[in-house]
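Next come the chains, spelled out residue by residue.
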Amino acid sequence: MIIESRDWKALHHFTQEGYYTSCYLDIPHIDELSDAERLHRLDSIQQIAHSGAVSALSFPASYYAFLRNLDFSVDLLTWEHRRWAWQLPFFSRSRAILKDGRVKVVLVKEKGHYHK
């Protein structure tokens, strides 16, 4: 079970009680950030990762290039919306994600009984 929230401070109690927690990173218009905004956002993410309040960071795979060079010991959880599991090795971003030892979960599409 993963307890996930955008409010990383609210997750601290759950983490202390032994639950696996993840801060959901929501970075609107990531490609449009100025250099100063990028640095500020990265500093904030580093603070979250080093706070001890969460076990992991969750984000869409499209954020990976933005986050990959950060130095932190929390796990990374991500998803590839438009990929099937068998497709991952064919895309450079996906290959990099799969090779990153910090990445513990990669959610992908799977056609099931209730798939639209």
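Preceding block: the structure.
Residues numbered from 1 in each chain as written. Predicted model: local features only at pLDDT ≥ 70, side-chain atom pairs only at ≥ 80, totals over all residues. Heavy atoms only, no water.

### Details of the overall build of the protein
Scanning the protein from terminus to terminus reveals four helices and five strands. If you list the helices and strands of the protein from N to C, you get β-α-β-α-β-α-β-α-β. Relative to the 2.2 N^0.38 estimate, which gives 13 Å for 116 residues, the radius of gyration of the protein is 15 Å and therefore close to what a compact globule would have. Once the C-alpha set of the protein is aligned to its principal axes, its extents read approximately 35 × 35 × 25 Å. Expressed as a percentage of its 116 residues, the buried residues of the protein come to 40%. Once local pairs closer than 6 in sequence are excluded, the contacts in the protein between residues at least 24 apart make up 53%. Carbon and sulfur atoms form 52% of the exposed surface of the protein, whose accessible area is close to 7,700 Å². Treating the 15 positive side-chain charges of the protein as one cloud and the 14 negative ones as another, the clouds have centres 9 Å apart. (Helix = DSSP H or I, 4+ residues; strand = E, 2+ residues; numbered from the N terminus. Rg over C-alpha atoms; globule rule 2.2 N^0.38 Å. Buried < 20%, exposed > 50% of the residue type's maximum accessible area, 1.4 Å probe, protein only. Contact = heavy atoms within 4.5 Å. Areas by Shrake-Rupley, 256 points an atom, 1.4 Å probe, with all protein chains shown as cover. Lys, Arg positive; Asp, Glu negative; His and termini not counted. Charge placed at Lys NZ, Arg CZ, Asp CG, Glu CD.)

### Structural notes on the environment of phenylalanine 72
Along the polypeptide, phenylalanine 72 turns up in the loop between helix 3 (64-67) and strand 4 (75-84). Judged by relative accessible area, phenylalanine 72 falls into the buried class, the value being 6%. As a C-alpha pair, phenylalanine 72 and glutamine 47 span 25 residues in sequence and 9.6 Å in three-dimensional space. When sequence neighbours within four positions are dropped, the list of residues in contact with phenylalanine 72 reads Gln46, Ala49, His50, Leu57 and Arg102.

### So, the layout of surface pockets
By volume, the largest pocket is sized at about 160 Å³. If you go around the largest pocket, you meet 14 residues; those closest to its centre are Asp26, Ile27, Arg41, Ser44 and Ile45. Of all the secondary structure elements, the ones that give two or more residues to the lining of the largest pocket are strand 2 (21-24) and helix 2 (35-50). For the lining of the largest pocket, the element with the most residues is helix 2, which contributes six residues. The class makeup of the residues in the lining of the largest pocket is eight nonpolar, two polar and four charged. (1 Å grid on protein atoms, 1.4 Å probe; cavity = no way out; pocket = protein on both sides within 12 Å on 5 of 7 lines; lining within 4 Å. Points joined across faces, edges and corners; volume = space filled by probe spheres on them. Nonpolar A, V, L, I, M, F, W, Y, C, P; charged D, E, K, R; others polar.)

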